[in-house]
Protein chains: 2
Amino acid sequence: MRRDVFQAIADPTRREIISLIAHQSLNVNAVAGNFDVSRTAIYKHVKILTECGLIVIKKQGRERFYEAQLEKLHEISDWVEQYRQFWNARLDALENYLNETRPREKKPGKR
Amino acid sequence: MRRDVFQAIADPTRREIISLIAHQSLNVNAVAGNFDVSRTAIYKHVKILTECGLIVIKKQGRERFYEAQLEKLHEISDWVEQYRQFWNARLDALENYLNETRPREKKPGKR
DNA sequence: CTATTTTGCAACCAAAAGGTTTCATTTTAT
DNA sequence: ATAAAATGAAACCTTTTGGTTGCAAAATAG
């Protein structure tokens, strides 16, 4: 089964889980309390998140605390950033176009 | 059907399509030539990419050229960046730990 | 005009995804 | 020693995903 970070964060529930445990470690029931799906459904989402390294599980007695470990997000960041020049280029082109078609508005000063 | 950028870039084929047309506009057949799936399969991937705004289609005679429009990637960037502090914090903690446990290596200077 | 290209899309299919209920196991609390 | 709590995972179900073949329509080439 495909288990990469891109696929892991594609699901909105998993993104919410990340946002929950980023601030404090929680166990399954605590996480599940924030959603209207079953504990098992959350358990499976968390399994996917651990399998791709975004979460680690800390055992404490009969409880398992989920702890965010978000370094792997750099894969996403790196991928997106390689394209930043492309979308900036488009925005620059738009800006130039506007400057050329309305050349007499020299500055955004008071009207 | 869910049609957000997160889901769009989750598929590796779609990420490859983006990387292909980021550099030059191509039509379906040209794109499909780079993969071992059918033209229709690519057509459907591109449909998803246009539906979420990452690609625009320029009509030219009987051909349709796919053009990358990657501004929407900022949604991904924004989401990831909000967590950068978390993973940096962890890396900093690791660094501090190493510095504390090996305090006599004052500087990385010549040995 | 007719043949060829290029595209759009319906119909269909297998596998993956996301969810549920159910039950066993491990720990803790009384 | 029991009851309760927390978790792991199997079995099952429905919808979505990613892919296919086949065919019709639009535009171009000869």
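As a starting point, this report considers the structure included with it. (Residues numbered from 1 in each chain as written. Chains lettered and ligands numbered in written order. Predicted model: local features only at pLDDT ≥ 70, side-chain atom pairs only at ≥ 80, totals over all residues. Heavy atoms only, no water.)

## Focus: the overall build of chain A
- Each helix and strand in chain A was counted, giving six helices and two strands.
- Written out in order from the N terminus, the α and β elements of chain A read α-α-α-α-β-β-α-α.
- Split into buried and exposed, the 111 residues of chain A put 34% on the buried side.
- The long-range share in chain A, meaning contacts at least 24 apart out of those at least 6 apart in sequence, stands at 52%.
- Per element, the accessible surface of chain A, about 7,400 Å² overall, is 48% carbon and sulfur. (Helix = DSSP H or I, 4+ residues; strand = E, 2+ residues; numbered from the N terminus. Buried < 20%, exposed > 50% of the residue type's maximum accessible area, 1.4 Å probe, protein only. Contact = heavy atoms within 4.5 Å. Areas by Shrake-Rupley, 256 points an atom, 1.4 Å probe, with all protein chains shown as cover.)

## What to know about the interface of chain A and chain B
- Taken together, the 31 residues of chain A in the interface contact 30 residues of chain B.
- Regarding the contact of chain A and chain B, the summed buried area is about 2,700 Å², with carbon and sulfur atoms giving 67% of it.
- Inspection of the chain A/chain B interface yields zero salt bridges.
- Scanning the region where chain A abuts chain B turns up four residue pairs in polar contact (both at pLDDT 80 or more).
- Where the side of chain A that touches chain B is concerned, the elements lending two or more residues are helix H1 (5-8), helix H2 (12-23), strand E2 (63-68), helix H5 (73-81) and helix H6 (84-101) of chain A.
- In the side of chain A that touches chain B, the residues fall into 16 nonpolar, six polar and nine charged. (Buried area = accessible area lost by both parts, 1.4 Å probe. Salt bridge = Lys/Arg side-chain N within 4 Å of Asp/Glu carboxyl O. Polar contact = N/O pair within 3.5 Å; in protein donor to acceptor, adjacent residues only side chain to side chain. Nonpolar A, V, L, I, M, F, W, Y, C, P; charged D, E, K, R; others polar.)

## A short note on the pairing of strand E1 (residues 55-60) of chain A
- Note that E1 of chain A and E2 of chain A share six bridges and pair antiparallel. Paired with Lys58 of chain A across the strands is Phe65 of chain A, a residue of E2 of chain A. (Pairing = 2+ DSSP bridges.)

## Here's the deal with the protein's contact with DNA strand C
- Looking at DNA strand C, there are 21 residues lining it, with Ser38, Lys44 and His45 of chain A together with Asn29 and Tyr43 of chain B nearest.
- Across the atoms of DNA strand C situated within 4 Å of the protein, the share located in sugar and phosphate is 58%.
- Asp11 of chain A places a polar side-chain atom, nitrogen or oxygen, 3.1 Å from a phosphate oxygen of DNA strand C.
- Here a base nitrogen of DNA strand C sits 2.9 Å away from a polar atom, N or O, in the side chain of Arg39 of chain B.
- The greatest single-element share of the surface near DNA strand C, amounting to four residues, is contributed by helix H4 (residues 39-51) of chain A.
- Class assignment of the residues belonging to the surface near DNA strand C gives a composition of four nonpolar, eight polar and nine charged. (Near = heavy atom within 4 Å.)

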